[in-house]
Each structure stands twice: as C-alpha cells, then as structure tokens.
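Per-entry structural report
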Amino acid sequence: MSTSWSDRLLGGFRKTSERLGANLTGVATRLDEATLDDVEDALIISDLGPAAAARIRAKLKEKSFGLEITQRELKEAVAEEIAEILRPVAKPLEITAFPRPQVILVIGVNGSGKTTTIAKLAHLFTEDDYGVLLAAGDTFRAAAIGQLATWAERAGVDLVRGPEGGDPASIVFDAVKQATDTGIDALVVDTAGRLQNKKELMEELAKIRRVLGRLNEEAPHDVVLVLDATNGQNALSQIDVFQEVAGVTGLIMTKLDGTARGGVLVAAAEQYGLPIHAIGVGEKMEDLRPFDPDLVARVIAGVA
Ligand SMILES: Nc1nc2c(ncn2[C@@H]2O[C@H](COP(=O)(O)OP(=O)(O)OP(=O)(O)O)[C@@H](O)[C@H]2O)c(=O)[nH]1
Ligand SMILES: [Mg+2]
C-alpha cells in the first residue's frame, strides 16, 4: 500500500482495524467468546452493521474457536470473511449496451457526490476511448449546471444543458437524441438530489425514466445510486428510498478517503447485494477507483 489514494483509503478505515483484536497481542491466545464479542463490537461500531458483524463472528467461531491465534491472524481471518461478503457485489460499470448509447442515470441525495462522480466516470470512459455525453438533469439550482459544465470541459466531453428551473425531462430527451445521432457510447445523466420531498423526487425520476424509455426502451441501462460514506448507516436508508423511487441497479460509494465510516460499504453489500461499481477516494477527476473487494477487506481489517 504505497500509493497515495490507498493511503487515503486506509485512513478511512482505521477505526475498525485499530479495534480488531485490541485485547490480543503478537503472542497467540485462544480464540474465546470474549474475543469474538470484541470483534463483533468493533465491526458494529465501524458501521458494518449488526447483520454483517454477526455473520463474521459466526464464521470465525465456526472455523477457529478455541484455536491459538495472534492479533495479526485474527485480522487476516476477519479480512477473509469481509472479502467473502464483498466479492459477489464487485462489478465494474461496463459499457455493453447495444444499440448505443448506454444511458446511465445517476441519483442520490444532495451532496452525496453525484456531479463529481459523473466527472470521474466521464474521465474513466474517455480514457477507455468511449465517446461520452453528459446531461445536466439537475436544473434545481443554477450552480449545478455550471459545476457540471466545468467538469465536462475538464474531461473534454460535451454537455447537454437547459435553463435553470427548466424541465429535466426535456434535457434528457435532447441528450438521448444527440447521443444516438452522434454515435455516443455512454450518456451519463445528472439529477437533482435536493427536491422538496419523496413524492416530488419520485415524480421527477419517474418522468426522466419515462422520457428516456421513449427514445430507447432499454434506457436507462444503469441507475447508479451515489452514496456518501460519511453518512454511515444513513446511507442504508437512502438505498431503501431510492430503490423504491428509481429502481437502483448499482452503487458507487464516495468519500471513502478519510472517513471513519467506510464500513457501511460492507453493510450495504450484506443487506442489499447490489453491485458496487466503484469507490470515490478524493475530489479530483482521477479519484474514482475500481471496487477491489479483497483490497477493501484487507484495509478494513488493517492488514493491507
Ligand atoms: N473527499 C471526497 N470528496 C468528494 C468525493 N466525491 C465528492 N466529493 C465532494 O463532495 C462535495 C459534493 O459533491 P457533488 O458532486 O457536488 O455532490 P452532488 O451529489 O452532485 O450534490 P448536489 O448537486 O447538491 O445534489 C464536493 O465538495 C465534492 O468535491 C470523494 O470521493 N472524496
Ligand atoms: Mg450535483
């Protein structure tokens, strides 16, 4: 772990790894109920959630109860159990739609990192030589359109935008048309996170979905929910709400750099089983990383 982004990730998970097996030493001790309790507590405190924590405790007990174990070995064993939970959900966002474009709707609460993540995706896709178009579907505030325009310019991609307060559905309609006409591979749609209430959010996202589907019945191909890791367990209730209003197909978790609450990623994997496409580890365009379940598991457990 020498690169700077992984160091930032490490900072984010330090809380869990410091507590794991804190009562153990380098000298092997028998794995007993008290140590298992401590492990479970450490995992819960670190936002892995009670279900994942209980599952990991049960697995450790099943495999190693009564055996001599060092703190390092305990952490390795926890890392393996976390990886088991994360591996099935690790799934990059791939551009496979035929016909093109692949339409990726990006949703999430205000401030979760949607617009920044869209810039990062645009960067990633253009690096892979895909043609990318962005749609400024967040017309709720003027700054949102300007912010996306700045990112589009930086990433060197085009943007379809409308007036502040305009109808996002009409922008999205124009964007799909332009993307189709110009042979774009990936159309990434920004949306507002700051609507008055759930009903309004539901109506707006439903309308965007309807309009997308009118020009391409497969669209949106992806509905990516952006979650802010610093929200801890609240991120889980956001999955519930957005599942209901928009039918989430995958997750990207942002701000895993420097937060102590990144364990919620494991809770999300355990409870929802939704694909995790990538993780955000900083504010720059290059700061989106593939979700590597083994690495994240080892970082959480403090053995990376
Ligand atoms: N440290 C860190 N900051 C991030 C990350 N992703 C986004 N941010 C920051 O979080 C803040 C909010 O990001 P936005 O992309 O504007 O969030 P949004 O969801 O589009 O917000 P609204 O448009 O208000 O709904 C900005 O200051 C970003 O720089 C990340 O992975 N790490
Ligand atoms: Mg935004």
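Before going into details, it helps to say that this report is about the structure given with it. This is a predicted model, so every value here is computed, not measured.

Here is what the cut-offs are and how they apply
- Residues numbered from 1 in each chain as written.
- Chains lettered and ligands numbered in written order.
- Predicted model: local features only at pLDDT ≥ 70, side-chain atom pairs only at ≥ 80, totals over all residues.
- Heavy atoms only, no water.
- Helix = DSSP H or I, 4+ residues; strand = E, 2+ residues; numbered from the N terminus.
- Buried < 20%, exposed > 50% of the residue type's maximum accessible area, 1.4 Å probe, protein only.
- Contact = heavy atoms within 4.5 Å.
- Areas by Shrake-Rupley, 256 points an atom, 1.4 Å probe, with all protein chains shown as cover.
- Lys, Arg positive; Asp, Glu negative; His and termini not counted.
- Charge placed at Lys NZ, Arg CZ, Asp CG, Glu CD.
- Core = buried A, V, L, I, M, F, W, Y, C linked by side-chain atoms within 4.5 Å.
- Domains from an automatic or database assignment.
- Pairing = 2+ DSSP bridges.
- Right-handed = clockwise from strand over helix to strand, strands pointing away.

The helix and strand tally for the protein stands at 11 helices and 10 strands. C-alpha atoms of the protein, sized along the principal axes, occupy 65 × 40 × 35 Å. With 304 residues in all, the protein has 54% of them scored as buried. Put simply, 78% of the contacts in the protein that link residues at least 6 apart link residues at least 24 apart. Accessible surface for the protein amounts to roughly 12700 Å². Of this, 48% is attributable to carbon and sulfur atoms. In the protein, the 33 positive side-chain charges and the 45 negative ones have mean positions that sit 2 Å from each other.

In this structure, the amide linkage connecting Phe98 to the following residue, Pro99, adopts the cis form with an omega of 0°. Inspection of the secondary structure puts Pro99 in the loop between α4 (71-86) and β3 (102-107). Residue Ala219 is joined to Pro220 through a cis peptide bond whose omega torsion reads -5°. Checked against the element boundaries, Pro220 lands in the loop between α8 (198-215) and β7 (222-228). A positive phi is found at Lys255, a non-glycine position, where the angle reads about 60°.

Next up on the list: the nonpolar core. With 70 residues, the main nonpolar core has Val78, Ile82, Ile107, Leu187 and Leu251 as its most contacted residues. Here this core gets 8 residues from one element, more than from any other, and that element is α4. Taken together, domain 1 (3-89) and domain 2 (102-291) each give at least three residues to this core, which thus spans both. The residues contacting Leu251, other than those within four sequence positions of it, are Val224, Leu225, Leu227, Ile239, Ala268, Leu274, Pro275, Ile276, His277 and Ala278. Counting residues in hydrophobic clusters, the runner-up holds 28 residues, among them Val106, Ile118, Val188 and Ile252.

Let's shift gears to the environment of Val188. Tracing the sequence through the fold places Val188 in strand β6 (residues 186-191). On the accessibility criterion, Val188 (0% relative accessible area) is buried. Taking the C-alpha atoms as reference points, Val188 and Leu215, 27 residues apart in sequence, are found 15 Å from one another.

Regular strands show a simple pattern: their side chains alternate between the two faces of the sheet. Within strand β4 (residues 132-137), 6 of the 6 residues are buried, which leaves the element mostly enclosed by the surrounding structure. Covered by surrounding structure in β4 are Val132, Leu134 and Ala136 together with Leu133, Ala135 and Gly137, the residues of both alternating faces. Two strands pair when backbone bridges link them, and β4 and β6 are joined in this way by 6 bridges, in the parallel orientation. Of the residues in β6, the one forming a bridge with Val132 is Ala186. Note that β4 and strand β5 (residues 158-160) share 3 bridges and pair parallel. When the sheet's bridge partners are listed, Leu133 is paired in β5 with Asp158. Handedness of the β-α-β unit built from β4, helix α6 (residues 142-155) and β5 comes out right-handed.

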